[in-house]
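Below are the chains, spelled out letter by letter.
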Amino acid sequence: MRTVPVTCAVIFHQGKVLAAQRSEAMDLPGKWEFPGGKVEEGEMPEDCLIREIQEELSIGIRIFGSLKISEYAYSSEKSIRLIPFAATWETGEIQLLEHRQIIWLDQEELFCVDWAAADVPIVHELQQKWVKLVEEIKPKR
Ligand SMILES: Nc1nc2c([nH]c(=O)n2[C@@H]2O[C@H](COP(=O)(O)OP(=O)(O)OP(=O)(O)O)[C@@H](O)[C@H]2O)c(=O)[nH]1
């Protein structure tokens, strides 16, 4: 079984992060995730993520950090390596081109949605590192 590399973005904006709910047309319908997608052959994970966020949400992001990779086997046929990056929303207006809906969550609300299983360790790490990550967004002087 091949482990599929998938990138995802923890997008910070005005002190909250974006969670997106997968639609009926996607795998894991109804589950919440950090938007992103599969890394194509020869593609850098960061380039993949910028492309996927433009394709799915129609916005431009800036990557400023990373979180720990989460590997998860959904079944004997489906195993993913989820590669999370911390990012900020830089350009464009959000359009839901694939997802059912989005929600902006603050630190206390992180576990209020039903995350895809592979995302759960990332959400725990995000909760622990929240203050540090928010600090890193601030432009360095
Ligand atoms: N994008 C994304 N996918 C996730 C997350 N967590 C998680 O288990 N997945 C799984 O990883 C896979 C990524 O597929 P995708 O459908 O988002 O990627 P894609 O747009 O490149 O796929 P496609 O070209 O087959 O349509 C799916 O099986 C999805 O269920 C997450 O946080 N973000």
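Rules and cut-offs
Residues numbered from 1 in each chain as written. Predicted model: local features only at pLDDT ≥ 70, side-chain atom pairs only at ≥ 80, totals over all residues. Pairing = 2+ DSSP bridges. Helix = DSSP H or I, 4+ residues; strand = E, 2+ residues; numbered from the N terminus. Near = placed C-beta within 6 Å. Nonpolar A, V, L, I, M, F, W, Y, C, P; charged D, E, K, R; others polar. Buried ≥ 20, exposed ≤ 12 C-beta atoms within 10 Å, placed from the backbone. Core = buried A, V, L, I, M, F, W, Y, C linked by C-beta atoms within 7 Å. Contact = placed C-beta atoms within 7 Å.

Visitor: Whenever I open this one, the pairing of strand β6 (residues 70–73) confuses me. Can you help?
Guide: One face of the sheet, then the other: side chains in a regular strand alternate in exactly this way. Two elements, β6 and strand β7 (residues 79–91), share four bridges in a ladder whose sense is antiparallel. Bridge assignment links A73 to a residue of β7, and that residue is S79. Linking β6 to β7, which pair antiparallel, is a turn of five residues.

Visitor: Honestly, the site of the ligand in this entry has me stumped. Any pointers?
Guide: In the region of the ligand, 16 residues are neighbours, and E33, G36, G37, K38 and A118 sit closest. Every element with two or more residues in the shell around the ligand is listed here: β1 (3–13), β4 (36–38) and β7. With three residues, β4 is the largest single contributor of residues to the shell around the ligand. Among the residues making up the shell around the ligand, the classes are represented as ten nonpolar, two polar and four charged.

Visitor: Please explain the environment of A117 as it appears in this structure.
Guide: Summarising the element assignment, A117 is placed in the loop between β8 (101–105) and α2 (120–137). Of the residues examined, A117 has 14 C-beta atoms within 10 Å and is grouped as partly exposed. Spatially, the C-alpha atoms of A117 and I50 are 23 Å apart, while their sequence positions differ by 67 residues.

Visitor: What is the right way to look at the nonpolar core in this model?
Guide: Burial of nonpolar side chains together is a common tendency in soluble globular proteins. One finds A9, V10, I11 and A87 to be the most contacted residues of the largest nonpolar core, which totals 30 residues. Sort the elements by how many residues they give to this core and β1 lands first, with six residues. The contact partners of A9, leaving out residues within four places of it in the chain, are F34, P35, G36, L49, I53, I61, F85 and A87.

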